[in-house]
Amino acid sequence: MILETRDYLWPDEAACERFAQALAHGPEIGDACIELEGGLGAGKTSLVRHLLRALGVTGRIKSPSYAVVEDYAPPALQGRPAHHFDFYRFNDPREWEDAGFRELFAAPGLKLSEWPQKATGMLPVPDLRLTLEVQDEHARRVHAEAGTARGQVLLQHLDREFQA
C-alpha cells in the first residue's frame, strides 16, 4: 500500500547530490529500506553513491552488479551497516532467498535495492520507493512513494530539506 507520494525534479547531477544529502539527514535513515527503480542510466547508482558519501563513506563505492550486494559501514549510521543490492542479474526471485538475503533485510541497517522488481515477492515493503526517469541528458524526474510510516517521515523531511 502506498501511503504518500511526491514528485521531484533533478535538473542536474548537483540536484541528485543535494537530494541524497537531504535524505542522509532524514530521521531513521539508518534502518530504512529504499528501492530504486528506473532504466539503465537513470541514475540509481549515482544516487546511492551520493547518499553513501553523505553518510561518511570514503574510498571506492562499487556498483554491486556482479557481487549482488556491497556492504558499507557509514560513520553517520553509528555502527549500523548499509547494504547496496543490485538484483539486475536475477532471473528468478527465489535467487534472493537462496542468496541468504532474508537475514540482511531482517537485521538493523540501511538497505538500498536497485532492480527490486527482479526479486518481486521476496523483499519487504520498502519505506521508500524512488522511481527515476530520464528527462534529458542531465535532468531526472523522481517519483517517491512511501510504503511505511518511516517512509512518510522521510518524505516530509525531504519536503523541508531538499531544494532542487
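Reading the values: the criteria
Residues numbered from 1 in each chain as written. Predicted model: local features only at pLDDT ≥ 70, side-chain atom pairs only at ≥ 80, totals over all residues. Heavy atoms only, no water. Core = buried A, V, L, I, M, F, W, Y, C linked by side-chain atoms within 4.5 Å. Buried < 20%, exposed > 50% of the residue type's maximum accessible area, 1.4 Å probe, protein only. Contact = heavy atoms within 4.5 Å. Helix = DSSP H or I, 4+ residues; strand = E, 2+ residues; numbered from the N terminus. Pairing = 2+ DSSP bridges. Axes fitted to C-alpha atoms, helices over the stretch in contact; angles between N-to-C directions. Polar contact = N/O pair within 3.5 Å; in protein donor to acceptor, adjacent residues only side chain to side chain. Salt bridge = Lys/Arg side-chain N within 4 Å of Asp/Glu carboxyl O.

Caption draft 1: Spotlight on the nonpolar core. Judged by nonpolar contacts, the single largest core of 36 residues is most densely connected at Trp10, Phe19, Leu23, Ile29, Ile34, Leu110 and Leu130. The contact partners of Trp10, leaving out residues within four places of it in the chain, are Ala15, Cys16, Phe19, Leu47, Leu132, His138, Ala139, Arg140, Val142 and Phe162. Among the nonpolar cores identified, the runner-up in size contains 13 residues, and Phe85, Phe90, Ala119 and Leu123 belong to it.

Caption draft 2: Structural detail: the environment of Gly43. As for its position among the elements, Gly43 is in the loop between strand 2 (33–37) and helix 2 (44–54). Expressed as a C-alpha distance, the spacing of Gly43 and Leu158, which sit 115 residues apart in the sequence, is 18 Å. When residues no more than four places from it in sequence are discounted, the contact partners of Gly43 are Leu132 and Arg140.

Caption draft 3: Fine view of the sheet that holds strand 7 (residues 140–146). Strand order in the open sheet made by the seven strands is 1-7-6-2-5-4-3, with mixed pairing throughout. Across the chains shown, the open sheet's two edge strands, defined by having one partner strand only, are strand 1 (4–10) and strand 3 (69–72). Averaged over all pairs of adjacent strands, the angle between strand axes in this sheet comes to 15 degrees, irrespective of strand direction. The sheet contact formed by strand 4 (residues 82–86) and strand 5 (residues 110–114) spans five bridges and is parallel. Directly across from Phe85, in strand 5, lies its bridge partner Ser113.

Caption draft 4: Geometry of the side chain of Asp127. Topologically, Asp127 is positioned in the loop between strand 5 and strand 6 (128–134). Among the polar contacts made by the side chain of Asp127, one reaches the main-chain amide nitrogen of Cys33 at a distance of 2.7 Å. For Asp127, the residues in contact, after removing those within four places along its chain, are Asp31, Ala32, Cys33, Glu145, Ala146, Gly147, Thr148, Arg150 and Gly151.

Caption draft 5: Representation of the pattern of salt bridges in the model. On inspection of all chains with the given rule, the structure shows 11 salt bridges. Glu4 is paired through a salt bridge with Arg6; the nearest N and O atoms lie 2.7 Å apart. Each of the two residues, Glu4 as well as Arg6, counts as buried. Several salt bridges converge on common partners, so that one network encompasses Glu35, Glu37, Arg129 and Glu145.

Nothing here speaks to function; it is all geometry.
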